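Chain residues, written in single-letter form:
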Amino acid sequence: MPKRSPAVELDLAISALLATPGAVVETAEGGADARRAKVPAAVAHLLPLVRDLRAMPRPQFKAALKSELHLRSFTMQAPAMIQKQTASFRPPNFRNIAPYFLVEDAPKFIDFLVSALGGTETGRYLRPDGKVMHAAVAIGDSMIELGDTNEQYPSRPMTVHLYVDDCDATYARALEAGATALTPLADMHWGDRQGQVKDSFGNTWYIATPKTYDPAQYAICSVQPYMNLRDAHKMIPFAEAALGARTSGVKATPDGKILHATIEIAGSTFELSEAHGSYEATSPFYLHVYVPDTDALYEQAVAAGARSKTAPYTAPYGERSATIEDPFGNTWFLATYLGHTEASQ
Amino acid sequence: MVAVRRPAQMEPPGADERLLVQAAQADPSKFDALYELHFERIYFFIVSRVRDRAVAEDITSETFQKALANLSSYEWRGTPFSAWLYRIASNGIVDHYKRSNREQQIDELENPLADRAELASHDIEFIERHVHFFGLVAQLPDVQRRVVLERFVEDRSIREIAQRIGKTEGAIKQLQFRALQTLRAQIGERHA
């Protein structure tokens, strides 16, 4: 039998030491490590280093946490300051990226949002045929928009992360109102208590309440769209290039699949993860986001590969608006609030 | 580990760190500098006690989140900022085991800051030696560093690393061997 090289001898010993998954710091001294692994003396002096190397942090973890802290530090700077910065392009009381639901029976959906999820209807505009053209429901500090489906915009179930004061009560009311339980309420390791339901319109709701932290410090919106995408990692460079987004809190598998990421556009956020297992890929969303300059962002988005659906125009309700579609099929209603008008009441 | 010299990171906190703290209190986005300064020592403090990477990452994350959230209430009293971080981390370790219904491990764990304000000097020395060692790893030639990180931190096999880097398995074993030899030599040269 040919004599093994030191490099091979060392790797055999290392493989033996690494055979205990998860144990990152051994307590034995190096000599004990060497004896246990039956290592030739020529490489035995290197084995104690294995223990120390196993205790190193993952660079990806360090970078992701830094990114997450940076976003939180930004939102901590002062809600008043952020509000001041955004006041010029958002309507009052509109701070989130709003999911825009197109449903078959909008009045019934409004009832669900109000009775089950604690929303407050803030406006309803009807078409000549009596269908709902547009309606808005406020939940917590956020807005949800909706209307009856039409030929241009068919129904698309969406997924929303909903933060409420009492997720247990909201979860129970949602089930009473006809929603189906997908996952029971549980205390999550990231500090939320959360459960998952699907409403009778096919939309999925992660109903959550922060338990171990103060959400006010992190400027978490009550309503955040949540995309489960195949090849979710491809959304990040697109959102950054096309929508001027900033990504934070990226947690990924070693092969680059996104476990969770938060993407901020002009101070509002949506969440993103790779579709897997029971977290099935979501159908494309309709999203309404206020930005400082709709015209400029529209040009930027189209240049970055977004498909134009409606070029910028000034809407009679006091907004500069445009519509684009991203490579995942999501429809983005871009808007800049131009100020209070009669039509916007 | 055989290092004995007192690394530079063990020097008492100076005006620089105080300025960093004050800057972060005035503008939380400047917390980055404190994070970069203390991340490795806090992570190692935690992982050396919980001995599980995933748990260590959770508690490290909680520690820095809490530190950032409560930074405005931190008062500079001449002790290192890291002492405050160690205390938050220590509480996080105990809280973790309480949440996990593993109270029996709390006794074994012995909250290192339960009965005193700061870590013992030998604990600090132990942590700082490892932080210094991590710095040596960062200075390895790129390909050696990548092999080391993938093998020992990301738990990849030699075969996987060979495929990812585009070298033979034998070459990866050689790189691993050289990296450990280099580290061992540097520890000897700089600390013996």
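Residues numbered from 1 in each chain as written. Chains lettered and ligands numbered in written order. Predicted model: local features only at pLDDT ≥ 70, side-chain atom pairs only at ≥ 80, totals over all residues.

## Focus: the overall build of chain A
Rules: The secondary structure listing takes helices from DSSP runs of H or I that are at least 4 residues long and strands from runs of E that are at least 2 residues long, numbered from the N terminus. Here a residue counts as buried when 20 or more other C-beta atoms sit within 10 Å of its C-beta, as exposed when there are 12 or fewer, and as partly exposed otherwise, the C-beta atoms being derived from the backbone. The contact criterion used here is simple: two residues whose C-beta atoms, placed from the backbone, lie within 7 Å are in contact.
Across its full length, chain A holds 10 helices and 16 strands. Of all 345 residues assigned to chain A, the portion counted as buried reaches 43%. Considering only intrachain contacts with a sequence separation of at least 6, the fraction spanning at least 24 residues in chain A is 60%.

## Observations concerning the overall build of chain B
What chain B contains, in helices and strands, is 9 helices and 0 strands. Seen in sequence order, chain B has helices and strands lined up from the N terminus as α-α-α-α-α-α-α-α-α. With 192 residues in all, chain B has 38% of them scored as buried. Excluding contacts between residues fewer than 6 apart, the proportion of contacts in chain B whose partners are at least 24 apart in sequence is 62%.

## Here's the deal with the interface of chain A and chain B
How we decide: Any residue that is not Ala, Val, Leu, Ile, Met, Phe, Trp, Tyr, Cys, Pro, Asp, Glu, Lys or Arg is counted as polar, Gly included; the first ten are nonpolar and the last four charged.
Facing the 37 residues of chain A at the interface are 39 residues of chain B. Put simply, the parts of the chain that give the side of chain A that touches chain B at least two residues each are helix H1 (6-17), helix H4 (48-54) and helix H5 (59-76) of chain A. When residues of the side of chain A that touches chain B are assigned to their parent elements, the largest contribution, 11 residues, is made by H5 of chain A. Looking at the side of chain A that touches chain B residue by residue, the class counts come to 22 nonpolar, 7 polar and 8 charged.

## Quick word on helix H4 (residues 81-99) of chain B
A turn of α-helix holds 3.6 residues, and therefore any two residues three or four places apart point the same way. To keep it simple, the criterion reads: Multiplying 1.5 Å by the residue count of a helix minus one yields the expected span of that helix.
The terminal C-alpha atoms of H4 of chain B, which comprises 19 residues, lie 27 Å apart, in line with the 27 Å expected from a rise of 1.5 Å per residue. Those residues of H4 of chain B lying buried are Phe81, Ser82, Trp84, Leu85, Tyr86, Ala89, Ser90, Gly92, Ile93, Val94 and His96 of chain B.

## Notes on the sheet that holds strand S2 (residues 120-126) of chain A
Residue and element names in this part refer to chain A. Counted only if it meets this: Any two strands with at least two DSSP bridges between them are considered paired. The angle between two axes is taken between their N-to-C directions and runs from 0 to 180 degrees, where each axis is a line fitted to C-alpha atoms and a helix contributes only its stretch in contact.
Taken together, 8 strands build an open sheet; the order of strands is S2-S3-S4-S1-S13-S16-S15-S14 and the sheet is mixed. Taken across any chain shown, the strands that pair with only one partner, and hence form the sheet edges, are S2 and strand S14 (307-315). If you compare each strand with its neighbour and ignore which way they point, the axes differ by 20° on average. The pairing of strand S1 (residues 98-103) with strand S13 (residues 286-290) spans 2 bridges and is antiparallel. Note that in S13 the partner of proline 99 across the bridge is leucine 287. Packed on one face of the sheet, helix H7 (residues 106-115) meets S1, S2, strand S3 (132-139) and strand S4 (142-148) and runs near 5° to S3. Relative to strand S15 (residues 319-325), helix H10 (residues 294-303) is tilted by about 10°, and along the sheet it contacts S14, S15 and strand S16 (331-337).

## Looking at the nonpolar core
A general feature of soluble globular proteins is that nonpolar side chains tend to end up buried together. To keep it simple, the criterion reads: Here, a nonpolar core means buried Ala, Val, Leu, Ile, Met, Phe, Trp, Tyr and Cys residues linked by C-beta atoms lying within 7 Å of one another.
Formed by 134 residues in total, the largest nonpolar core has its most connected members in Leu162 and Leu334 of chain A together with Ile46 of chain B. Looking at this core element by element, the count peaks at 11 residues for helix H2 (residues 31-50) of chain B. If we skip the residues at most four places from it in the chain, leucine 162 of chain A touches Leu117, Ile139, Trp205, Tyr206, Ile207, Ala208, Ser222 and Val223 of chain A.

## Regarding unusual backbone geometry
Trans peptide bonds make up the majority, and among non-glycine residues the majority have a negative phi. At aspartate 231 of chain A, a residue that is not glycine, the phi angle is positive and equals roughly 60°. Of note, aspartate 231 of chain A is situated in the loop between strand S9 (223-229) and helix H9 (235-243). Of the residues examined, aspartate 231 of chain A has 14 C-beta atoms within 10 Å and is grouped as partly exposed. Positive phi, close to 60°, is recorded for aspartate 155 of chain B, a residue that is not glycine. You can see aspartate 155 of chain B is positioned in the loop between helix H7 (142-153) and helix H8 (158-165).

## Regarding the environment of arginine 156 of chain B
All names here are of chain B. Tracing the backbone through its elements, the reader meets arginine 156 in the loop between H7 and H8. Residue classification places arginine 156 among the partly exposed positions, given that 18 C-beta atoms sit within 10 Å. Apart from residues lying up to four places away in sequence, arginine 156 is in contact with Glu150, Arg151 and Ile161.

## Overview of the confidence of the model for chain A
Residue and element names in this part refer to chain A. To keep things clear, this is the line we draw: Summary of the metric used: pLDDT quantifies the predictor's per-residue confidence within the range 0 to 100.
For chain A, the average pLDDT comes to 83, and 86% of its residues sit at 70 or higher. Confidence, read as mean pLDDT per element, is least for helix H6 (residues 79-86) in chain A (45) and greatest for helix H8 (residues 167-176) (96). Throughout residues 22-35 the model reports pLDDT below 50, and contacts reaching past four residues in sequence, or to other chains, amount to 27 contacts. Note on residues 340-345: pLDDT under 50 across the span, and 8 contacts to partners over four residues away in sequence or across chains.

## Observations concerning the sheet that holds strand S8 (residues 204-210) of chain A
Residue and element names in this part refer to chain A. Here we have 8 strands laid out as an open sheet, ordered S6-S7-S8-S5-S9-S12-S11-S10, and mixed in their pairing. Each edge of the sheet is formed by a strand with only one pairing partner; in this case those strands are strand S6 (180-187) and strand S10 (246-252). On average, each strand axis in the sheet is inclined to that of its neighbour by 20°, with strand direction left out of account. Of the strand pairs in this sheet, strand S5 (residues 159-163) and S9 are connected by 3 bridges, and their pairing is antiparallel. Within S9, the residue paired with histidine 161 across the bridge is glutamine 224. Contacts between H9 and the sheet are confined to S9, S10, strand S11 (258-265) and strand S12 (268-274), with S11 contributing the most and set at about 5° to the helix.

## Focus: the packing of H2 of chain B against helix H3 (residues 53-69) of chain B
Residue and element names in this part refer to chain B. What counts is decided by this rule: If an angle is under 35 degrees, it is roughly parallel; if it is over 145, roughly antiparallel; if it lies from 65 to 115, roughly perpendicular; otherwise it is oblique. A crossing counts as left-handed when the near helix is turned anticlockwise from the far one by less than a right angle, and as right-handed when that turn is clockwise.
H3 packs onto H2 with a crossing angle of 140° between their chain directions and a minimal axis gap of 9 Å. Put simply, H2 runs oblique to H3. Along this stretch, H2 crosses H3, giving a crossing that reads as right-handed. Counting all contacts with H2, which are made through Phe31, Tyr35, Ile42, Tyr43, Ile46, Val47 and Val50, the residues of H3 involved are Arg53, Val55, Ala56, Ile59, Thr60, Thr63, Phe64 and Leu68.

## Side note on the packing of H7 of chain B against H8 of chain B
Residues and elements named next belong to chain B. Two elements in contact, H7 and H8, have axes whose closest approach is 10 Å; the angle formed by their N-to-C orientations is 140°. Classified by the angle between their axes, H7 and H8 sit oblique to one another. Where H7 crosses over H8, the two elements pack in a sense that is right-handed. Judged by residue contacts, Arg146, Val147, Glu150 and Arg151 of H7 engage Ile161, Arg164 and Ile165 from H8.

## Observations regarding the confidence of the model for chain B
Residues and elements named next belong to chain B. With 81% of its residues at a pLDDT of at least 70, chain B reaches an overall mean of 82. The secondary structure element of chain B with the lowest average pLDDT is helix H5 (residues 103-109), at 48, and the one with the highest is H2, at 93. The ipTM assigned to the predicted complex is 0.87, against a pTM of 0.51.

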